[in-house]
Amino acid sequence: MKLSEAAGAQPGTGTAQRVAASLRDRIAEGGLKPGEQLPEASLAEAYGVSRNTVREAFRLLVHERLVVHEFNRGVFVRTPGPADIVDIYAVRCALETAGVRAAGQASRPLLAEVLRAVEEGEKAATSGDWPHVADAGIRFHRALAALAGSPRTDSYMSAILAELRLVFQEMPSPAHLHEPFVGRNRTIVELIQRAQLKNAEAELASYLADSRQLILDTLDAQAKERA
């Protein structure tokens, strides 16, 4: 996406929150890559806001751990390291397993969203559309956390998944990361449907541990190749 296409609003109506939200979406969608510099002046022109507003948007994204400010260099999309990945997955496990534990009291629309995400992922995997599998996987995990019925949980999950997208961009391909887990998504949803919530929680915790280790092993192998 070109900067001129990112503005999406009339000049003078922008806020730091709107700019931050747009940049957050572009990071989550892969339009801005880890390590990429965010040019303050160009962004201010593209969004029709002052440079102070862009700086405030940057501060919001720094707080969310999506960008970093490097002294005398500028602002860059963050590149998560192994310690970040361990922490991200610890938070994911807490939020998502809490949703599974609450599934017995969850509304039908929330439960339906979990199943819908699984079905979309399976359909995309059958056609070999792995980027779509990745998107469906994100929706699946967001839907699991949403079973808790907590707006705060939803907000925390959105932030952690945006950060996780940065990690995914470091993987060799979407298939490498997501193919091993398509069937396990179905296992979890079926356990929830049968009200076997303790088993669903245990399967989810194991799933997340395996996903975390796959990412760590992949990053370690890539680092050794570069050395």
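Residues numbered from 1 in each chain as written. Predicted model: local features only at pLDDT ≥ 70, side-chain atom pairs only at ≥ 80, totals over all residues. Heavy atoms only, no water.

J.: Looking at this structure, how should I read the side chain of H178?
T.: Residue position: H178 is located in helix α9 (residues 174-178). Non-local contacts of H178, meaning those with residues more than four positions away in its chain, are made with W130, V133, A134 and F168. (Helix = DSSP H or I, 4+ residues; strand = E, 2+ residues; numbered from the N terminus. Contact = heavy atoms within 4.5 Å.)

J.: What am I meant to see in the confidence of the model for the protein here?
T.: Parts of the model with low pLDDT should not have their predicted coordinates read in detail. Averaged over all residues, the pLDDT of the protein is 90; the fraction at 70 or higher stands at 94%. Note that pLDDT drops below 50 for residues 1-13; the model gives that stretch 18 contacts with residues more than four away or on any other chain. (pLDDT = per-residue confidence, 0-100.)

J.: How should the environment of L66 be read in this particular structure?
T.: Relative to the helices and strands, L66 is located in the loop between α4 (51-63) and β2 (67-70). The exposure class assigned to L66 is buried, which follows from its relative accessible area of 0%. Along the sequence, L66 and L164 sit 98 residues apart, while their C-alpha atoms lie 9.5 Å from each other. Excluding anything up to four places from it in sequence, L66 contacts R24, I27, L61, F76, V77, R78, A162, E163 and L166. (Buried < 20%, exposed > 50% of the residue type's maximum accessible area, 1.4 Å probe, protein only.)

J.: How do you make sense of the pairing of strand β3 (residues 74-77) when you look at a structure like this?
T.: In this structure, strand β1 (residues 37-38) lies alongside β3, joined through two bridges in antiparallel fashion. Residue pairing across strands places Q37 opposite F76, the latter belonging to β3. Summarising the sheet, β2 and β3 pair through four bridges and their orientation is antiparallel. If you follow E70 over to β3, its bridge partner there is G74. Hairpin connection, β2 to β3: the antiparallel pair is bridged by three residues, and N72 has positive phi, about 65°. (Pairing = 2+ DSSP bridges.)

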